[in-house]
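Structural characterization, general
Now for the letters of each chain:
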Amino acid sequence: MLDIKITHADHLKPHPDPDTLVFGKTFTDHMFLMDYHTGQGWHDPRVVPYAPLPFELSCMVFHYAQEIFEGMKAYRTPDGKVQLFRPYENAKRMASSCLRMCIPEIPEDDFVQAVKAVVEADRAWVPNKVGTSLYIRPFIIATDNGLGVHASHSYLFAVICCPVGAYYPEGIDPVKIYVEDEDVRAVKGGTGFTKCGGNYAASIRAGERAEGQGFSQVLWLDGVHRKYIEEVGSMNVMFKIGGTVVTPELSGSVLPGITRKSCLELIRSWGIPVEERRISVQELFDAAQAGTLEEAWGTGTAAVVSPIGLLAWEDRKVEVSGGGIGALTQKLYDTLTGIQWGTQPDPYGWTLPIE
Ligand SMILES: *Cc1c(COP(=O)(O)O)cnc(C)c1O
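Residues numbered from 1 in each chain as written. Predicted model: local features only at pLDDT ≥ 70, side-chain atom pairs only at ≥ 80, totals over all residues. Heavy atoms only, no water.

Contacts to the ligand come from 14 residues, most closely from Lys-195, Tyr-200, Glu-231, Thr-259 and Thr-301. Interatomic distance of 2.8 Å between a side-chain N/O atom of Arg-93 and an oxygen atom of the ligand. Measuring from a nitrogen atom of the ligand, one finds a backbone N or O atom of Ser-234 at 3.3 Å. Here the ligand loses 96% of its free accessible area of 390 Å² to cover by the protein chains. (Near = heavy atom within 4 Å. Polar contact = N/O pair within 3.5 Å; in protein donor to acceptor, adjacent residues only side chain to side chain. Areas by Shrake-Rupley, 256 points an atom, 1.4 Å probe, with all protein chains shown as cover.)

Written as structure tokens, this is what we have:
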């Protein structure tokens, strides 16, 4: 158990209009901080007013990107309560990111306690309009000053929060995807399975190029063969082919999404066969041509599920589900959002209430 010191903000900010919220721009009144120093371990857990912090420009994180993050949400239920979705999964994934990046781990219970403490302090910020939520960003940065390349001896763990509007205010809109055949996001042995800022830095160029050509995201291929599908933008990806759900296996370069895991558990519980395996972009386009590619969608905390309506690869284009949303994609969306926002029972024990 952390002994968290709480300092409430004197001046509370006005809450933004949930209809015009821009993702990740407005932050709540408080944040959680905890420091690490070699020899001392993690210490001084505290909730304090949200405010900028001073850093020397030699701070390690600015140069060598020794940093990791998580992404999760708090949801307002119809009876006004606030709940988290599978927060221990985020805690586990953060610990695995820590191991890869030589960052000292935070015990799972401490991670969840920290998230709960800041959400509790800012519970009035969890919006109650349909589809809205409080996005939570836990992260750890290396804070040693100096330009030597080595593991830092000091770190800062922080949790900041921002209210987010409905991802689909006008109904679910299928996305257009472009198969990226030049840049790669990650390779086995690298950091693809961790949530680290470096992965995102490497992915920005492809995303910009795709947007410039009228696509919403790119489909990432593996870095070795440039053949096998890995992810879509910053989401995991799934396909329904001839009645079976196929998704890339967690091979080391794919991020183990919590939405991915939850979708696979639901799909299996509905008796639909699932294959976690390598799938080439050739196999996908062959299936599309043969008429057996029934549905395609991305999964992630932000959108929950994001149906893919069009896929473009070199000079080929295929429409999926007639450019609309498939029945299984819709069922996954309805079931997961129902559990997250508490409008449906949670038979799996996935939600954790904030007292
Ligand atoms: C965060 C993330 C996902 C989705 O993970 P969730 O836990 O479902 O939100 C997928 N791919 C990448 C690259 C990510 O960073």
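Back to the write-up after that little detour.
Another point: the pattern of salt bridges. This model, assessed by the stated rule, comprises 18 salt bridges. Residues Lys-81 and Asp-79 are paired through a salt bridge, measuring 3.6 Å at the closest nitrogen-oxygen approach. In this structure Asp-79 comes out as exposed when scored by relative accessible area, which is 56%. Notably, a salt bridge pairs Glu-89 with Lys-92, separated by 3.6 Å at the nearest N-O pair. On the criterion of helical spacing, the pair formed by Glu-89 and Lys-92 is a turn pair, its members being three residues apart in helix 2 (residues 87-100). Glu-89 sits in the buried class, given a relative accessible area of 15%. Via salt bridges that share partners, Glu-180, Glu-182, Asp-183, Arg-205 and Arg-209 belong to a single interconnected network. (Salt bridge = Lys/Arg side-chain N within 4 Å of Asp/Glu carboxyl O. Buried < 20%, exposed > 50% of the residue type's maximum accessible area, 1.4 Å probe, protein only. Helix = DSSP H or I, 4+ residues; strand = E, 2+ residues; numbered from the N terminus.)

The next point concerns the domain arrangement of the chain. Per the domain assignment, the segments of the chain are domain 1 (5-164) and domain 2 (175-340). One C-alpha centre belongs to domain 1, the other to domain 2; they are set 27 Å apart. Each partner contributes to the interface: domain 1 provides 18 residues, whereas domain 2 provides 21 residues. Here domain 1 packs against domain 2, burying approximately 1800 Å² in sum over the two surfaces, 58% of which is carbon and sulfur. (Domains from an automatic or database assignment. Contact = heavy atoms within 4.5 Å. Buried area = accessible area lost by both parts, 1.4 Å probe.)

This part is about helix 2. When the terminal C-alpha atoms of helix 2 are compared, their 20 Å separation across 14 residues agrees well with the 20 Å that a helix rising 1.5 Å per residue should span. Along helix 2, the positions that sit buried rather than exposed are Pro-87, Glu-89, Asn-90, Ala-91, Arg-93, Met-94, Ala-95, Ser-97 and Cys-98. Positive phi appears at Cys-102, one or two residues downstream of helix 2, with a value of about 60 degrees. (Expected span 1.5 Å × (residues − 1).)

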